[in-house]
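Chains, contacts and geometry: an overview
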Amino acid sequence: MTAPSAKLSFWGVRGSTPTVDPGTWRYGGNTPCLELVAPDGTQFILDCGTGLSMLGSRWVIPNNTQKAETHILVTHYHWDHIQGIPFFSPLYVETNEFHFYSFRSKFLGRDSLKQVFEAQMATPYFPVDLSAMSAKRKFKEVAGGEEFTIHGAKIVTRWLNHPQGCLGYRIETPAGTVAYATDNEPGDAKLDESLRELAAGADVFINDAQFTPEQLATTRRGWGHSTWLEGVKVVREAGAKTLVLFHHDPDSTDRMVDNLLRQARDEFESVYAASEGMVLTLGGDRVEAHLPGARSALRREAQFRALVTGTTEDGHAFEEETVVNDLSLQGALIALSHQPRLQSELQVVMETPGANGAGSMRLRGYVVRIENDPEKGCSAVGVVFTE
Ligand SMILES: [Zn+2]
Ligand SMILES: [Zn+2]
């Protein structure tokens, strides 16, 4: 019998507003939306940012006759967490059923989320009205400090420190526990404690990492967001296993997020920066991460001798001579006997034949994919060139 596994997919990871700047495409520009599929197939969606419409466009219709419902946990009503709703195509399919969970906002009163739906689709803000949404929708109000069960998964909620309120969710499945704490700022003793309760012993702890510690201490204090450094403190104190930096600032380029991730990894062993398309699998000895492959473009099959330096899975530096045989303007596939760490940086120095004899080209790449080939005893490592 195989151990149960759960799959956590990141459809949107950007905070505040979507970004389309090419300097942000590697981590992605869609606003928050995560999907967790529990071992029994129960589907959870966390937040409804623009990532939700991406999820909708890849919607898989379950092939079992018993139509399963989807459970959508909404943290709060700021735009970046709800703006995907009108564009989520499965809401317009009669046979689908969605159960929404969110808190009663003191600014909206009863049925807060239902009111959000109506307001978002009111004339003249949206071309079709709510009656077009034919999927079955059920709304449940939850508050911080509650515990309930959905198909054998235990859900725990806690209030987080954020303007106009925000809920953090902890989902305990038979394959492992995910704690989702977007949009929160440290500094309120009681809510700081709540955050640690959510994260306690979690396999994956997703935390707001919008700002740098310097920004949080000065110009961004009181904006309701956190840092990689706070995330590291919480995982350590709460005994969580893997930290995911989330809710990237719209002004943060990929290089800036790389930098935040590097600093966090200097302090804590298992850290990832949330990126669009990233999938974490829970249930094995450790959380496994998968990033989508580089966008295919202008591939050239060629053979370049290369010297590659980087960091292995367990954090050691390595240097290896190899051949690069799949090269594009944006990235390359490199065979390595070392196993580099996902989301780490590689230096690639390639010998390039030229008119005036051989030259060399120095590139910096970022590991987005690792495919092990046990037969050949090496890995095919996909990198995206960053400079
Ligand atoms: Zn937000
Ligand atoms: Zn917010």
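Keep in mind that what you see is a predicted model, and the values were worked out from it rather than measured. (Residues numbered from 1 in each chain as written. Chains lettered and ligands numbered in written order. Predicted model: local features only at pLDDT ≥ 70, side-chain atom pairs only at ≥ 80, totals over all residues. Heavy atoms only, no water.)

Quick notes on the coordination of the zinc ion (ligand 2)
- Listed as protein donors to the zinc ion (ligand 2) are His76 (NE2), His78 (ND1), His162 (NE2) and Asp183 (OD); their distances from the metal cover 2.1 to 2.4 Å.
- Considering all 4 donor atoms around the zinc ion (ligand 2), the spread of angles at the metal, 89 to 176°, places the coordination shape in the irregular class.
- Read N to C, the donor residues that coordinate the zinc ion (ligand 2) are spaced as H-x1-H-x83-H-x20-D.
- In this structure the zinc ion (ligand 1) is found 3.6 Å away from the zinc ion (ligand 2), and Asp183 serves as a bridging donor for the pair. With His78 in the loop between strand E4 (70-73) and strand E5 (97-102) and His162 in the loop between strand E8 (153-160) and strand E9 (166-173), this residue pair connects regions lying 84 residues apart in the sequence. (Donors = N, O, S within 2.8 Å, 3.2 Å for Na, K, Ca; no water. Tetrahedral: all angles 85-135°; square planar, octahedral: opposite > 155°, others 65-115°. Helix = DSSP H or I, 4+ residues; strand = E, 2+ residues; numbered from the N terminus.)

Digging into the pattern of salt bridges
- Evaluated as defined, the whole model comprises 20 salt bridges.
- Asp203 is the partner of Lys241 in a salt bridge, and the nearest nitrogen-oxygen pair spans 3.7 Å. Residue Lys241 is located in the loop between helix H5 (228-238) and strand E12 (242-246), and its partner Asp203 is located in the loop between helix H3 (189-199) and strand E11 (204-208); the two are separated by 38 residues in the primary sequence.
- In this structure, the salt-bridge partner of Glu269 is Arg341, at a minimum N-O distance of 3.9 Å. Here Glu269, found in the loop between helix H6 (254-267) and strand E13 (271-273), pairs with Arg341, found in the loop between strand E18 (331-336) and strand E19 (345-352); they are 72 residues apart in sequence, far enough to count as distant. (Salt bridge = Lys/Arg side-chain N within 4 Å of Asp/Glu carboxyl O.)

Section: the coordination of the zinc ion (ligand 1)
- Bound to the zinc ion (ligand 1) are the protein donor atoms Asp80 (OD), His81 (NE2), Asp183 (OD) and His247 (NE2), situated 2.1 to 2.3 Å from the metal.
- Seen from the zinc ion (ligand 1), its 4 donor atoms lie at angles of 92 to 164°, and the figure they make is irregular.
- Motif for the zinc ion (ligand 1), donor spacing along one chain: D-H-x101-D-x63-H.
- You can call His81 buried: its relative accessible area is 0%. (Buried < 20%, exposed > 50% of the residue type's maximum accessible area, 1.4 Å probe, protein only.)

Overview of the sheet that holds strand E6 (residues 136-141)
- The strand order across the open sheet built from 8 strands is E6-E5-E4-E3-E2-E1-E14-E15, with neighbouring strands paired in mixed fashion. Of all strands in the sheet, those with a lone pairing partner are E6 and strand E15 (288-290), marking the two edges. The average undirected angle you get between the axes of adjacent strands in this sheet is 20°.
- In this structure, strand E1 (residues 6-12) lies alongside strand E14 (residues 279-282), joined through 4 bridges in antiparallel fashion. By the bridge assignment, Leu8 is partnered in E14 with Leu280.
- Across the sheet, helix H2 (residues 112-120) lies against E5 and E6, angled at about 135° from E6, the strand it touches most. (Pairing = 2+ DSSP bridges. Axes fitted to C-alpha atoms, helices over the stretch in contact; angles between N-to-C directions. Contact = heavy atoms within 4.5 Å.)

Some details on the environment of Gly377
- Position of Gly377 relative to the elements: it lies in the loop between strand E20 (359-373) and strand E21 (378-385).
- Taking the relative accessible area as the measure of exposure, Gly377 reaches 52% and is therefore exposed.
- Distance in space between the C-alpha atoms of Gly377 and His338 is 9.5 Å, their sequence separation being 39 residues.

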